[in-house]
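Close look at the chain arrangement
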Amino acid sequence: QLFNALSDDMRNVQRPFCLIDGYSIQQTGATTWQEIAFMLSTGNEYLVKLIEKGFTIDEAAACIHFSTGIGSTYFYEIAKIRALRKAWSLIIKNYNPIHACSYNCAITAIIGFMNKSLKDPHTNLLRQTTEAMSAIAAGIETIVVLPYDAESINGTSILAERMALNISLILKEE
């Protein structure tokens, strides 16, 4: 019911409203392949539901946005994003879209917490930077670098906030 109401309301809004949250899957310990499988199956299910609601494949594809977690395995993370893009374009191809832009998928990468330490901010700086670099190398449009202690019961420190902000700024300039 909620999906039907939302898709009716968002029909004329030209931006994604179906978020596929691979980040949460990755943060609970899923492998890169499990995360891809979840995102692709969920994305295809959204396509089917949107087409059943009367959307064209081009409109339906434009409604979908992926978020993915980026972990510490540099080359696996690059491969994950590239594999997701390739597999998504193959799924879209089966629906015979009119516009070439429908083959693209919008992805936001989020740097996770699984391998961060509250006691070693300098190691976290290296880890977060490397993870952000793997997302950039994979061609991600949007990267979210959260403070490494954002999930801490003590709250976020000023150092962690500055590091998260500066990682993005430094990599943007590079």
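Refer to the structure presented above.
Notes on the structure in this doc start here. Values in this document were obtained by computation on a predicted structure and should not be read as measured data.

**A closer look at the overall build of the protein**
- Helix and strand counts for the protein come out as seven helices and four strands.
- Reading the helices (α) and strands (β) of the protein from amino to carboxyl end gives α-β-α-α-α-β-α-β-α-β-α.
- Its C-alpha atoms give the protein principal-axis dimensions of roughly 50 × 30 × 30 Å.
- In the protein, once contacts between residues fewer than 6 apart in sequence are set aside, the share between residues at least 24 apart is 67%.
- Total accessible area on the protein stands at roughly 9,800 Å², and carbon and sulfur atoms take up 58% of it.

**Focus: the nonpolar core**
- Leu47, Leu50, Ile64, Phe66, Trp88 and Ile107 are the most contacted members of the largest nonpolar core, which has 34 residues in total.
- Elements that contribute at least two residues to this core include exactly strand 1 (18-21), helix 3 (32-52), helix 4 (57-62), strand 2 (64-70), helix 5 (74-93), strand 3 (106-111), helix 6 (121-138) and helix 7 (158-173).
- Here this core takes six residues from helix 5, the largest share from any one element.
- Ignoring sequence-local partners within four residues, the contact set of phenylalanine 66 consists of Leu19, Ile20, Met39, Leu84, Trp88, Cys105, Ala106, Ile107 and Thr108.

**A look at helix 5**
- Compared with the 28 Å implied by 1.5 Å per residue over 20 residues, the 29 Å span of helix 5 between its first and last C-alpha is a close match.
- Residues of helix 5 that are buried include every one of Glu77, Ile78, Lys80, Ile81, Leu84, Trp88, Ser89, Ile91 and Ile92, and no others. Along the axis of helix 5, the buried residues cluster in a sector spanning 165 degrees; they form a single face. Opposite the buried face of helix 5, at more than 90 degrees from it, the exposed residues are Phe75, Arg82, Lys86 and Lys93.
- Next to the buried residues of helix 5 lie helix 2 (22-27), helix 3, helix 4, strand 2, strand 3 and helix 6.

**Describing the packing of aromatic side chains**
- According to the stated counting rule, one finds three aromatic pairs in the structure shown.
- A centroid spacing of 5.0 Å and a plane angle of 80 degrees characterise the contact between phenylalanine 66 and tryptophan 88, whose relative ring orientation is edge-to-face. Within this pair, whereas phenylalanine 66 is found in strand 2, its partner tryptophan 88 is found in helix 5, the two being separated by 22 residues in sequence. Accessibility assignment for this pair places phenylalanine 66 and tryptophan 88 in one class, buried.
- Ring geometry for tyrosine 74 versus phenylalanine 75: centroids 5.1 Å apart, planes at 90 degrees, classification edge-to-face.
- In this structure tyrosine 74 comes out as partly exposed when scored by relative accessible area, which is 25%.

**Looking at helix 6**
- Taking 1.5 Å of rise per residue, the 18 residues of helix 6 would be expected to cover 26 Å, and the 26 Å separating its terminal C-alpha atoms lies within 8% of that figure.
- Three or more residues of helix 6 are buried, namely Pro121, Asn124, Gln128, Glu131, Ala132, Ser134, Ala135 and Ala138. Down the axis of helix 6, the smallest arc covering the buried residues is 155 degrees, so these residues share one side. Exposed and oriented more than 90 degrees from the buried face of helix 6 are His122 and Leu126.
- Tucked into the core, helix 6 has its buried residues touching strand 2, helix 5, strand 3, strand 4 (142-145) and helix 7.
- Phi turns positive, to about 90 degrees, at glycine 139, one or two residues after helix 6.

Definitions and limits used
- For every chain, the first residue of its written sequence is number 1, and the numbers climb from 1 along that sequence.
- Only residues with pLDDT of at least 70 are given local features in this predicted model, and only at 80 or more are side-chain atom pairs given and counted; all residues enter the totals for whole chains, interfaces and linings.
- Excluding hydrogens and water, the side-chain values take into account all heavy atoms of the structure.
- We count a stretch as a helix when DSSP gives it H or I for four or more residues in a row; a strand needs E for two or more, and each element gets its number in order from the N terminus.
- Any two residues whose heavy atoms approach within 4.5 Å are treated as being in contact.
- Surface exposure here means Shrake-Rupley accessible area, sampled with a 1.4 Å probe, where a residue is shielded only by the protein chains that are shown.
- The set of buried Ala, Val, Leu, Ile, Met, Phe, Trp, Tyr and Cys residues whose side-chain atoms join them within 4.5 Å is what this entry labels a nonpolar core.
- Exposure is judged per residue with a 1.4 Å probe applied to protein chains only, and the accessible area is read against the type maximum: over 50% gives exposed, under 20% gives buried, and values in between give partly exposed.
- One less than the residue count of a helix, multiplied by 1.5 Å, gives the span that helix is expected to have.
- Summarising the geometry, the arc corresponds to the directions from the helix axis toward the C-beta atoms.
- Aromatic rings from Phe, Tyr and Trp, with only the six-membered ring used for Trp, were paired whenever their centres fell within 6.5 Å, and each pair was classed as stacked if the ring planes differed by under 30 degrees, edge-to-face if by over 60, and tilted otherwise.

Read these as layout, nothing more, since geometry by itself doesn't imply function.
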